[in-house]
Amino acid sequence: MEKIANFIKKSQNIAILAHYKTDCDAVCSSLSLKLALESIGKKADVLIDSNLSFQMQTLPYWDSINKKTIEKYDCYVCLDTATQERLGKNKFKIMKNRQISVALDHHATNEKFCKLNYVNEEYSSTCELLFDFFNLLNIKISKDMAKLMLTGIYTDTGKLSYNNAKPKTMNIVSSLLKIYGEPISNVCEPIFSNKTMGEFELTKFVYSNLELCENNQIAYLAINREDFKKLNTTIEDTHGLTDVGMSLACVKVMILASQDNVEDCYYVSIRSKGTISARKIGEAFGGGGHVNASGCKIFDNAKNVKEMLIKEAKKVLV
Ligand SMILES: [Mn+2]
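Here, residues in each chain are numbered from 1, in the same order as that chain's written sequence. This being a predicted model, a pLDDT of at least 70 is required before a residue's local features are given, and a value of 80 or more before pairs of side-chain atoms are given or counted; all residues contribute to the totals for chains, interfaces and linings. Excluded from the side-chain calculations are hydrogens and water; all other atoms, namely the structure's heavy atoms, are used.

## Focus on the overall build of the chain
Helix and strand assignments come from DSSP, with helices taken as H or I runs of at least 4 residues and strands as E runs of at least 2, each series counted from the N terminus. Helix and strand counts for the chain stand at 12 helices and 11 strands. Taking 2.2 N^0.38 as the reference for a compact globule, 318 residues should give roughly 20 Å; the C-alpha atoms of the chain span a radius of gyration of 19 Å, in line with that estimate. Once the C-alpha set of the chain is aligned to its principal axes, its extents read approximately 55 × 45 × 40 Å. Exposure is judged per residue with a 1.4 Å probe applied to protein chains only, and the accessible area is read against the type maximum: over 50% gives exposed, under 20% gives buried, and values in between give partly exposed. Classification of the 318 residues of the chain by burial places 53% in the buried group. Long-range pairs, those at least 24 residues apart, make up 67% of the contacts in the chain between residues at least 6 apart in sequence. Within these notes, the globule rule equals 2.2 Å times the number of residues to the 0.38 power, and the radius of gyration is based on C-alpha atoms. Between two residues, a contact is recorded if the distance between any of their heavy atoms is within 4.5 Å.

Next up, the structure:
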């Protein structure tokens, strides 16, 4: 981490990149790093090859994303991104500028594709990791930064309910809340209690169509292109839908496969309970993530995707 801190100290014009099909931790860590760097006199752009969900469009400075203000970068920082592929079209920037690229991430499956990489799975989220990183750089965390970082930590830990929320996470949350100075509901409500009607329709669709197999231990649902169209929603509205299956006592693994709007592929979100590994299922298809939350992308039709995923899920149920 020190090496990366030193490299960033020497840089002036910094590009911050994070993964496509983006999530709150990626967006919030990127924006808080941008604010941090600006607070010590540097310039930074956040570049993410993704649309932001309605909820993310309530975050401080969200509309600065993908607004280029810098001509030439002397440092590229990749946040929360395990593989170069996950950068979407921004991967070409790293391929061309690997010599000046650094990565900060908490995914154990990180492929260390940058010149300098700091990967530590002990952190619940990249936002939690940045707390220590900012300390190392002697950067004071502002109120907006604290709000962003709390959002990233809360979303990646399922409101501090997953196993990745460690005692240290709680200490950091406590420090950030003191800086933020407002009730925690002001962080959570814009994200967790702010569903669009489209998302609500999609949630109803999940309740009506969820399939249970293997003694109800595996919950599976595919949402096809036509379903999204019919419900007037998009793939950006699928955040949190896996909770529907996971809330059932009998369910150990929940798989949600969402078909891309253009490509003939499915984006798959996998969740699991306890020691059952969602990651192993994701990895079987070239994806990755964490023990209880992972994902992958599969190019195949609905029938094959379902068969293959359930076959892998059965293997991890012991
Ligand atoms: Mn994350």
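The discussion continues.
## Describing the environment of M254
When you line up the elements, M254 lands in strand β8 (residues 253–259). Given the relative accessible area of 0%, M254 is considered buried. For the pair formed by M254 and D105, sequence separation is 149 residues and the distance between their alpha carbons is 25 Å.

## Things to note about the coordination of the manganese ion
Every protein donor of the manganese ion is accounted for by D25 (OD), D80 (OD), H106 (NE2) and D156 (OD), and the metal-donor separations fall at 2.2 to 2.3 Å. Coordinating N, O and S atoms are those within 2.8 Å of the metal (3.2 Å for Na, K and Ca), and as water is not part of the atoms, a site may appear to have fewer donors than expected. Sequence positions of the residues that donate to the manganese ion give the spacing D-x54-D-x25-H-x49-D. Highlighted residues: D80 in the loop between β3 (75–79) and α3 (91–96) and H106 in the loop between β4 (101–105) and β5 (116–119), separated in sequence by 26 residues.

## A closer look at the domain arrangement of the chain
Where each domain starts and ends follows an automatic or database-derived domain assignment. Splitting the chain by domain gives domain 1 (2–192) and domain 2 (197–316). Summarising the inter-unit geometry, the C-alpha centres of domain 1 and domain 2 are found 26 Å apart. Summing both partners gives a buried area of about 1100 Å² for domain 1 against domain 2, and 48% of it is carried by carbon and sulfur. What counts as buried area is the accessible surface, traced by a 1.4 Å probe, that two parts surrender upon association, with contributions from both included. Considering only the surface of domain 1 that becomes buried against domain 2, Y20, K21 and T109 emerge as the three largest contributors, covering 37% of it. Salt bridges, as used here, are contacts in which a Lys or Arg side-chain nitrogen is within 4 Å of a carboxyl oxygen on Asp or Glu. Linking domain 1 with domain 2 are 1 salt bridge.

## Side note on the sheet that holds strand β11 (residues 293–298)
Criterion used throughout: strands pair if DSSP finds at least two bridges between them. Spatially, 6 strands are ordered β6-β7-β8-β9-β11-β10 in an open sheet, and the strand pairing comes out mixed. With one partner strand each, in any of the chains shown, β6 (211–213) and β10 (288–289) form the two edges of the open sheet. Looking at chain direction, β8 and strand β9 (residues 266–272) are connected through 7 bridges and run antiparallel. Within the sheet, the bridge partner assigned to M254 lies in β9 and is R271. Against the sheet, helix α8 (residues 197–209) makes contact with β6 and β7 (218–223), and its axis sits at roughly 130° relative to β7, the strand it touches most. Each of β6, β7, β8, β9 and β11 is contacted by helix α12 (residues 302–316), which is oriented at about 160° to β7, the strand it contacts most. Helix axes are fitted to C-alpha atoms over the stretch in contact, other axes to C-alpha atoms as well, and angles between N-to-C directions run from 0 to 180 degrees.

## A few points about the nonpolar core
Within the largest apolar cluster, 55 residues are counted, with the highest numbers of intra-cluster contacts made by I8, L33, F133, F134, M149 and L176. Here this core gets 9 residues from one element, more than from any other, and that element is helix α2 (residues 24–39). Setting aside chain neighbours within four positions, we find L33 in contact with I16, V77, L79, L130, F133 and F134. Nonpolar core, defined: a set of buried Ala, Val, Leu, Ile, Met, Phe, Trp, Tyr and Cys residues in which side-chain atoms within 4.5 Å join the residues together. Ranked by size, the runner-up nonpolar core spans 21 residues in total, among them A222, Y266, I276 and A278.

## Quick word on the sheet that holds β5
Strand order in this open sheet of 5 strands is β2-β1-β3-β4-β5, and the pairing throughout is parallel. The sheet is open, and its two edges are formed by β2 (43–48) and β5, each paired on a single side. Adjacent strand axes in the sheet meet at a mean angle of 20° when their direction is disregarded. Pairing of β4 with β5, which is carried by 4 bridges, proceeds in the parallel orientation. When the bridges of β5 are listed, A103 appears paired with N117. In the packing of α2 onto the sheet, the strands contacted are β1 (13–18), β2 and β3, and the crossing angle to β2 comes to about 170°.

## Some thoughts on the pattern of salt bridges
Under the counting rule described, the total for this entry stands at 14 salt bridges. Between K303 and E307 there is a salt bridge, with the nearest N and O atoms lying 3.4 Å from each other. Remark: E307 and K303 occur in helix α12; sequence separation between them is 4 residues, near one turn of the helix. Overall, K303 belongs to the exposed group, its relative accessible area being 57%. Residue E307 is classed as partly exposed on the basis of its relative accessible area, which comes to 47%.

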